[in-house]
Amino acid sequence: MSHIYDAKNIISFQGLPGAYSHMSCKAKCPNMTPLSCNSFEDAMTAVEDGRAQLAMIPIENSTAGRVADIHHLLPESSLYIVGEHFESINHCLLAIPGATESDIKVVRSHVQALSQCRQMIKHLKITPENYFDTASSARHIAELNDKSVAAIASSLAAEEYGLKVLRANIQDKGGNTTRFVLLAKRPINPDMLDGPVMTTFTFEVTNKPAGLFKALGGFATEGVNMTKLESYQAGESFTATMFYADIEGHEGMASVARAMEELRYHTKRVRVFGTYPQERPRTLG
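Since the model is a prediction, treat every value here as computed from it, not as a measurement.

Asks: Any details on the overall build of the protein? Residues and values, ideally.
Replies: Within the protein, the regular secondary structure consists of 9 helices and 15 strands. If you line up the protein on its principal axes, its C-alpha atoms span 65 × 45 × 40 Å. Evaluated residue by residue, the protein yields a buried proportion of 49% over its 285 residues. Looking at the protein alone, contacts between residues at least 24 apart form 74% of all its contacts between residues at least 6 apart. Looking at the protein as shown, the accessible area adds up to about 13900 Å², and 50% of this sits on carbon and sulfur atoms. When the 28 basic and 31 acidic side-chain charges of the protein are each reduced to a single mean position, those positions are 4 Å apart.

Asks: Explain the sheet that holds strand E6 (residues 92–95) to me, and be specific about the residues and the numbers.
Replies: What the 5 strands build is an open sheet, ordered E8-E7-E9-E6-E10; its pairing is mixed. Of all strands in the sheet, those bounded by a partner on one side alone are strand E8 (127–130) and strand E10 (164–168). Across the sheet, the axes of successive neighbouring strands diverge by a mean angle of 30°, strand direction being ignored. Direction of pairing for strand E7 (residues 106–109) relative to strand E9 (residues 149–153): parallel, over a ladder of 3 bridges. Each residue of the ladder has a partner; that of valine 107, found in E9, is alanine 150. Of the strands in this sheet, E6, E7 and E9 touch helix H6 (residues 134–144), which is tilted by about 155° from E9.

Asks: Which residues make up the pattern of salt bridges, and what are the values?
Replies: Tallying each qualifying case throughout the model produces 15 salt bridges. The shortest N-O distance in the salt bridge between arginine 66 and glutamate 230 comes to 2.9 Å. Of the two residues, arginine 66 sits in strand E4 (residues 65–66) while glutamate 230 sits in strand E13 (residues 226–233), which places them 164 residues apart along the sequence. In this structure, a network of salt bridges that share partners links the residues Glu60, Arg66, Glu84, Arg179, Lys228, Glu230, Asp246 and Arg282.

Asks: Outline the pairing of E6, listing residues and values.
Replies: Burial along E6 is two-sided: the face carrying Cys92 and Leu94 and the face carrying Leu93 and Ala95 are both buried. As judged from the 4 bridges shared by E6 and E10, these two strands associate in the antiparallel manner. For cysteine 92, the partnering residue across the bridge sits in E10 and is alanine 168.

Asks: Any details on unusual backbone geometry? Residues and values, ideally.
Replies: We note that lysine 125 has phi near 55°; this positive angle belongs to a residue other than glycine. With respect to the helices and strands, the residue lysine 125 is situated in the loop between helix H5 (118–124) and E8. At alanine 210, a position not held by glycine, the phi torsion is positive, near 60°. Summarising the element assignment, alanine 210 is placed in the loop between strand E12 (197–205) and helix H8 (211–222). Residue classification places alanine 210 among the partly exposed positions, given a relative accessible area of 43%.

Asks: How would you summarise the nonpolar core if you had to cite specific residues and measurements?
Replies: Among soluble globular proteins, nonpolar side chains are generally buried collectively. One finds Leu93, Leu94, Val107, Met120, Ile152 and Leu163 to be the most contacted residues of the largest nonpolar core, which totals 31 residues. Mapped onto this core, the elements with two or more residues apiece are E6, helix H4 (111–115), H5, H6, E9 and helix H7 (155–161). At 5 residues, E9 tops the list of elements feeding residues into this core. The residues contacting leucine 93, other than those within four sequence positions of it, are Val107, Met120, Leu124, Ala150, Ala151, Ile152, Lys164, Val165, Leu166, Arg167 and Ile170.

Rules used in this analysis
- Residues numbered from 1 in each chain as written.
- Predicted model: local features only at pLDDT ≥ 70, side-chain atom pairs only at ≥ 80, totals over all residues.
- Heavy atoms only, no water.
- Helix = DSSP H or I, 4+ residues; strand = E, 2+ residues; numbered from the N terminus.
- Buried < 20%, exposed > 50% of the residue type's maximum accessible area, 1.4 Å probe, protein only.
- Contact = heavy atoms within 4.5 Å.
- Areas by Shrake-Rupley, 256 points an atom, 1.4 Å probe, with all protein chains shown as cover.
- Lys, Arg positive; Asp, Glu negative; His and termini not counted.
- Charge placed at Lys NZ, Arg CZ, Asp CG, Glu CD.
- Pairing = 2+ DSSP bridges.
- Axes fitted to C-alpha atoms, helices over the stretch in contact; angles between N-to-C directions.
- Salt bridge = Lys/Arg side-chain N within 4 Å of Asp/Glu carboxyl O.
- Core = buried A, V, L, I, M, F, W, Y, C linked by side-chain atoms within 4.5 Å.

The structure is reproduced here in structure tokens:
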């Protein structure tokens, strides 16, 4: 995989410096230069037009569910999934230098970050106020320069904007994790990969009774582990239901090849978005 993460290249992400996507870029690809983009589409376009080699896109969170609408973004792009990353979300209470907890009257952040830190907010008896996202809330209070206003954001955001971490790991529950995928112009040849891999694809079932059951039957018969299956509507007519799936393995394996052959027989179309190394094992012992 070292050939994918070339130190001379750039990795794009959505958000301001200090965002959790930025942290993920630094954790997964520490030798690459992160490129901040305004939207998920912009981050992906940066790869398509050659300004970046990879894009780091969040797709699901363990508490909030689906993050980016990857189901619609990927089919409209020419990119492939070449990796994944799991980032633990550790929120921090940030304030300007010189401020103390007793100074804080208001805390601003993304609505999900505020909801994930209710107990701390209640304990400190401060007023939560919604803001665009975590990193922009950190930049906002740095510019505001008011001791009475704090932000909930990452420790990286504190470094980026010269803020003080009053409290770390302030989320109510542990285990808050976001799964990201890395996108590139070209897919990985599965033969080049060692160890467990994932394959991601979408498909549209035929409009017949038990269509989904028949389409997925091969995975059960062949013992292929499907770790994710989500449905979504394609277009505005609500007549075509698409499915997004992750499986363990790749089509170079006989069992996966047979399962995918049966899937294609019972579906209108299948599009594979890539095979890539697992960062975390999926099979339970």
